[in-house]
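The lines below spell out each chain.
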Amino acid sequence: MATPDRKLSGQGVRFDCAIGKGGMVPQADKAEGDGGSPIGRWMMKRVFWRPDRVDRPKTGLPTVPLRPQDGWCDAAMDPLYNRPVTTAYPARHETLWRDDHVYDIIVELSHNQDPVIAGKGSAIFMHVTKPDYADTEGCIALAIDDLKAVLEKCGPGSVLEISA
C-alpha cells in the first residue's frame, strides 16, 4: 500500500491526497495525457456526484447528479475538448460513471477552461482517491470523508491551489 506523501491544506484542514503520476507541472508545460497536476489556482466550478452511491454533498458550490451517460471530452482537436459530453459522443472521452468509486464525487476545476486550449489538459478534477492513494492521471484525490469535509467549507469563489 502506498503511503501518501502529499497534503491538501487550507481553511483549517489538512488531509492526505494523491496527485498526478507525472507530478506537479507548470501550467505552461501541461499537456494532454502527461499525468501531471497543473500548478496554479483553479476555481472550484461545480460538484458532480453518483446519486446511486452517495448523498448530495453538503456544499455551497453548484451540484449536479451524475448519470450513466455522462462523459468528458479529452480529444484535443474536438470542438468540445475539456467539456462534458454524453458517452455516445463520437470523439475520445472519459466515462464519468465508473465501476470503481473514484468518481463518486467529482469537483470540476477551472484548469484550461477560459479559454480552452487544445492539448493543454482536460478533466482536471478533485475526486475520491483509491484506497492506496495511487497516483491519478493529473487530478487531486482525497479520501471520500476528507473530500466531503473540504466541500462543506466551499462556496462560490472557492479556489484550489496546486503548488510545488
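Placed above this text is the structure.
Residues numbered from 1 in each chain as written. Predicted model: local features only at pLDDT ≥ 70, side-chain atom pairs only at ≥ 80, totals over all residues. Heavy atoms only, no water.

**Quick word on the overall build of the protein chain**
Alright, step 1. Within the protein chain one finds one helix and 13 strands.
Alright, step 2. Its C-alpha atoms give the protein chain a radius of gyration of 15 Å, near enough to 15 Å, the size a compact globule of 164 residues would have.
Alright, step 3. Overall size of the protein chain, expressed as C-alpha extent along the three principal axes, is 40 × 35 × 35 Å.
Alright, step 4. Taken over 164 residues, the protein chain has a buried fraction of 46%.
Alright, step 5. Placing the 20 positive and 23 negative side-chain charges of the protein chain at their respective mean positions leaves the two points 3 Å apart. (Helix = DSSP H or I, 4+ residues; strand = E, 2+ residues; numbered from the N terminus. Rg over C-alpha atoms; globule rule 2.2 N^0.38 Å. Buried < 20%, exposed > 50% of the residue type's maximum accessible area, 1.4 Å probe, protein only. Lys, Arg positive; Asp, Glu negative; His and termini not counted. Charge placed at Lys NZ, Arg CZ, Asp CG, Glu CD.)

**Brief notes about the side chain of H127**
Alright, step 1. Mapped onto the fold, H127 is located in strand 11 (residues 125-128).
Alright, step 2. At 3.4 Å, the side chain of H127 forms a polar contact with the backbone oxygen of V102.
Alright, step 3. Contacts of H127, omitting those with residues within four sequence positions, involve V102, Y103, I105, I106, T136, C139, I140, A141, L142 and L147. (Polar contact = N/O pair within 3.5 Å; in protein donor to acceptor, adjacent residues only side chain to side chain. Contact = heavy atoms within 4.5 Å.)

**Quick look at the packing of aromatic side chains**
Alright, step 1. On inspection of all chains with the given rule, the structure shows three aromatic pairs.
Alright, step 2. With a centroid separation of 6.4 Å and 85° between ring planes, the pair formed by F48 and W72 is classed as edge-to-face. In this pair, F48 sits in strand 5 (residues 40-49) while W72 sits in strand 7 (residues 70-73), placing the two residues 24 residues apart along the sequence.
Alright, step 3. Ring centres of W72 and F125 lie 5.2 Å apart, and the angle between their planes is 85°; this geometry places the pair in the edge-to-face category. (Phe/Tyr/Trp six-rings, centres within 6.5 Å; stacked < 30°, edge-to-face > 60°.)

**Section: the pairing of strand 2 (residues 13-17)**
Alright, step 1. The two faces of strand 2 differ: V13, F15 and C17 on one face are buried, but R14 and D16 on the other face are not.
Alright, step 2. Pairing of strand 1 (residues 6-10) with strand 2, which is carried by five bridges, proceeds in the antiparallel orientation. Within strand 2, the residue paired with G10 across the bridge is V13.
Alright, step 3. Counted along the chain from strand 1 to the antiparallel partner strand 2, the turn is two residues long, and its residue Q11 has a positive phi close to 55°. (Pairing = 2+ DSSP bridges.)

**Observations regarding the nonpolar core**
Alright, step 1. Judged by nonpolar contacts, the single largest core of 25 residues is most densely connected at M44 and M126.
Alright, step 2. Setting aside anything within four residues of it in sequence, one finds M44 in contact with L61, V107, E108, L109, M126, V150, C154, S158, V159 and L160.
Alright, step 3. If you look at the next biggest cluster of nonpolar residues, it comprises 10 residues, including F48, L66, L96 and F125. (Core = buried A, V, L, I, M, F, W, Y, C linked by side-chain atoms within 4.5 Å.)

**Brief notes about the sheet that holds strand 8 (residues 84-86)**
Alright, step 1. If you trace the three strands from one edge of the open sheet to the other, you get 8-7-9, paired in antiparallel fashion. Pairing within the sheet leaves two strands with one partner each, and these edge strands are strand 8 and strand 9 (93-95). The average undirected angle you get between the axes of adjacent strands in this sheet is 40°.
Alright, step 2. Sheet analysis places strand 7 next to strand 8, joined by three bridges and oriented antiparallel. If you follow D70 over to strand 8, its bridge partner there is T86. (Axes fitted to C-alpha atoms, helices over the stretch in contact; angles between N-to-C directions.)

**A short note on the side chain of R50**
Alright, step 1. Mapped onto the elements, R50 comes out in the loop between strand 5 and strand 6 (63-65).
Alright, step 2. What makes R50 buried here is its relative accessible area of 4%.
Alright, step 3. Excluding residues within four positions of it along the chain, R50 makes contact with L66, W97, R98, Y103 and D104.

**Quick word on the layout of surface pockets**
Alright, step 1. Counted as a void, the largest pocket has a volume near 610 Å³.
Alright, step 2. Together, 23 residues line the largest pocket, and L8, S9, V159, L160 and E161 are the ones closest to its centre.
Alright, step 3. Grouping the constituent residues of the lining of the largest pocket by class yields 13 nonpolar, five polar and five charged.
Alright, step 4. The space that makes up the second largest pocket amounts to roughly 370 Å³.
Alright, step 5. Contributing to the lining of the second largest pocket are 23 residues, with E94, Y103, T136, E137 and G138 lying nearest its centre.
Alright, step 6. A breakdown of the residues in the lining of the second largest pocket according to their chemical character gives eight nonpolar, seven polar and eight charged. (1 Å grid on protein atoms, 1.4 Å probe; cavity = no way out; pocket = protein on both sides within 12 Å on 5 of 7 lines; lining within 4 Å. Points joined across faces, edges and corners; volume = space filled by probe spheres on them. Nonpolar A, V, L, I, M, F, W, Y, C, P; charged D, E, K, R; others polar.)

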